[in-house]
Every structure is written in C-alpha cells, then in structure tokens.
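# Summary of structural features
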Amino acid sequence: MRLVCLFLLALLPAAAQQPAPKPLPPVLLQWAEAQKNLGDMEVPFVQTRTTPALKEPAVTPGRFWRFANGCFRWELGRPAATVLVHDSQEFRVRESADDEWRALDAEDPRWRMWSRFLSGRESSPEELRRHFLVDAEQQTADVTAVSLRPKAPFLRKHLRQLDLQISPQTSRLVQLRVLQGDGSTLLMTFDAPRPVNSADKALLLAR
C-alpha cells in the first residue's frame, strides 16, 4: 500500500504541470454566437475529397440549406447525387439519384457530429467547449484559421480534426477541412450565404 501511495504522489506534480486547455479564440466565439441569429439560408460550396484510394482529389460542387429551426438539407453534385436531409422528424440520406431514401440514426458516431454541426446545434460556444480542444490558431489579414480536435476517444475514431477558416470581418465560415479517422480528408469552401424563400422550405425538406 505504501508503494502505491508513493506512486500516486509521484504522479501529482506531473499532473499539476499539465497545460490547461487553450481557450476558444474570440473569432470562433463570435462565429458561434452569430449562428444563433441566422435565419433560413442557402450556401453554395465546393467539396474536395482526398482518400488513400484516390490518385487525384475528387472536386464536386454542392449546396447547403440551413433553417432557423435546426432543419437542413445538404446536396453534393450537380445534379445532386448525395443528399442529406434532417427535418423535424427524421434524419435521412439518398446516395444517388436512383437510390432509395435511407433513415439514419442522428446519434450514430459516424453521423452525429455532422448532424449537429450542419443543424447548428454543435456550433454554440457551450457545445464547442464541451466537445473540442483547440489545437492551433493562425491569423492572416483575411481569415483566422482554428484547428479543433474532439475530446472523446470514440469520436476520434471517425473524426480526427476540424480546421475552420473564419472571416473576422463578417463572422462567416469561409472554409472547413475535416480530417477523418480513415485517413480521408474533406475540404469545403463556402460562398456567401443567400436568403431562402420560405415557400421553398417544405420542398427542400421533402423526400
């Protein structure tokens, strides 16, 4: 027992010297706060996907709609091939124009972070502090780049790191890079958001 106590006491100074987690950068907090007041919006983007199996990156245009109530629609391809939709009742995917819609579990680790991030639920300062650690921050004249990594080990199996580029002037997300657990990378570059006609909302969330 004495040896165990000495071992534990020996660990205390090392634990006390562990650096405290870096605070969330002000630009990230401003962006997160700005998400609370955004109305219905449409955002065109370009996705670049890199995987160990691809010789060249796959570059695909897409569009993303997010609504003030947390519902969203995410389309990839032109015409759209992959479509993710989260309405007030379910989360579902269609992986090609000829495919059937398939219901997803929004709490599945493979989809949970995407679902919460796209809906805006993971973008509040409280949720960012709860789920992420700040790895690095770098500022240029136009954007501030912030690297985040998940705290939970089970999330790191699917999501290794998020790299965000945010405009300090507009509190707008300019670019998002997702480093996934399988070694693949998703890079999404976003255009400026556009307002959505409320008459189109029901159609965008329909099957």
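Residues numbered from 1 in each chain as written. Predicted model: local features only at pLDDT ≥ 70, side-chain atom pairs only at ≥ 80, totals over all residues. Heavy atoms only, no water.

Quick look at the overall build of the protein chain now. Per the secondary structure count, the protein chain includes 6 helices and 12 strands. The proportion of buried residues among the 207 residues of the protein chain is 43%. Put simply, 42% of the contacts in the protein chain that link residues at least 6 apart link residues at least 24 apart. Counting every atom, the protein chain has about 12,100 Å² of accessible surface; 55% of that belongs to carbon and sulfur. (Helix = DSSP H or I, 4+ residues; strand = E, 2+ residues; numbered from the N terminus. Buried < 20%, exposed > 50% of the residue type's maximum accessible area, 1.4 Å probe, protein only. Contact = heavy atoms within 4.5 Å. Areas by Shrake-Rupley, 256 points an atom, 1.4 Å probe, with all protein chains shown as cover.)

So, on to the side chain of Gln-161. Tracing the sequence through the fold places Gln-161 in strand β9 (residues 159-167). Within the structure, Gln-161 has its side chain in polar contact with the side chain of Asp-163 (distance 2.7 Å). Apart from residues lying up to four places away in sequence, Gln-161 is in contact with Asp-135, Ser-147, Leu-148, Arg-149, Pro-150, Arg-177, Val-178 and Leu-179. (Polar contact = N/O pair within 3.5 Å; in protein donor to acceptor, adjacent residues only side chain to side chain.)

Attention now goes to the nonpolar core. Within the largest apolar cluster, 32 residues are counted, with the highest numbers of intra-cluster contacts made by Leu-28, Trp-31, Leu-128, Leu-148, Leu-162, Leu-164 and Leu-176. Residues within four places of Leu-162 in sequence aside, it is in contact with Phe-132, Val-146, Ser-147, Leu-148, Leu-176, Arg-177 and Val-178. Of all hydrophobic cores here, the second largest spans 10 residues; its members include Val-83, Val-85, Trp-101 and Leu-204. (Core = buried A, V, L, I, M, F, W, Y, C linked by side-chain atoms within 4.5 Å.)

This part takes up the confidence of the model for the protein chain. Averaged over every residue, the pLDDT of the protein chain is 79; the share at 70 or more is 82%. Note that residues 1-18 has pLDDT below 50 and, in this model, 0 contacts with residues that lie over four places away or in other chains. (pLDDT = per-residue confidence, 0-100.)

This part covers the pattern of salt bridges. Per the counting criterion, the structure on display carries 8 salt bridges. With a closest N to O distance of 3.6 Å, Glu-75 and Arg-63 form a salt bridge. Placement of the pair is Glu-75 in strand β3 (residues 72-76) and Arg-63 in strand β2 (residues 58-66), with a sequence separation of 12 residues. The class of Glu-75 is buried, set by a relative accessible area of 9%. Residue classification places Arg-63 among the partly exposed positions, given a relative accessible area of 36%. With a closest N to O distance of 2.7 Å, Arg-149 and Asp-135 form a salt bridge. Of the two residues, Arg-149 sits in strand β8 (residues 144-150) while Asp-135 sits in strand β7 (residues 132-139), which places them 14 residues apart along the sequence. (Salt bridge = Lys/Arg side-chain N within 4 Å of Asp/Glu carboxyl O.)

Attention shifts here to the environment of Thr-144. Tracing the sequence through the fold places Thr-144 in strand β8. It is 5.6 Å that separates the C-alpha atoms of Thr-144 and Gln-165, two residues lying 21 residues apart in sequence. Look past the residues within four positions of Thr-144 in its chain and what remains in contact with it is Val-27, Glu-137, Gln-138, Gln-139, Leu-164, Gln-165, Ile-166 and Pro-168.

With that out of the way, let us pick up unusual backbone geometry. Following Arg-78, the chain continues to Pro-79 via a peptide bond in cis, the omega torsion being 0°. On the secondary structure map, Pro-79 appears in the loop between β3 and β4 (82-86). One non-glycine residue, Ser-171, lies in positive phi territory at about 55°. One can find Ser-171 in the loop between β9 and β10 (172-180).

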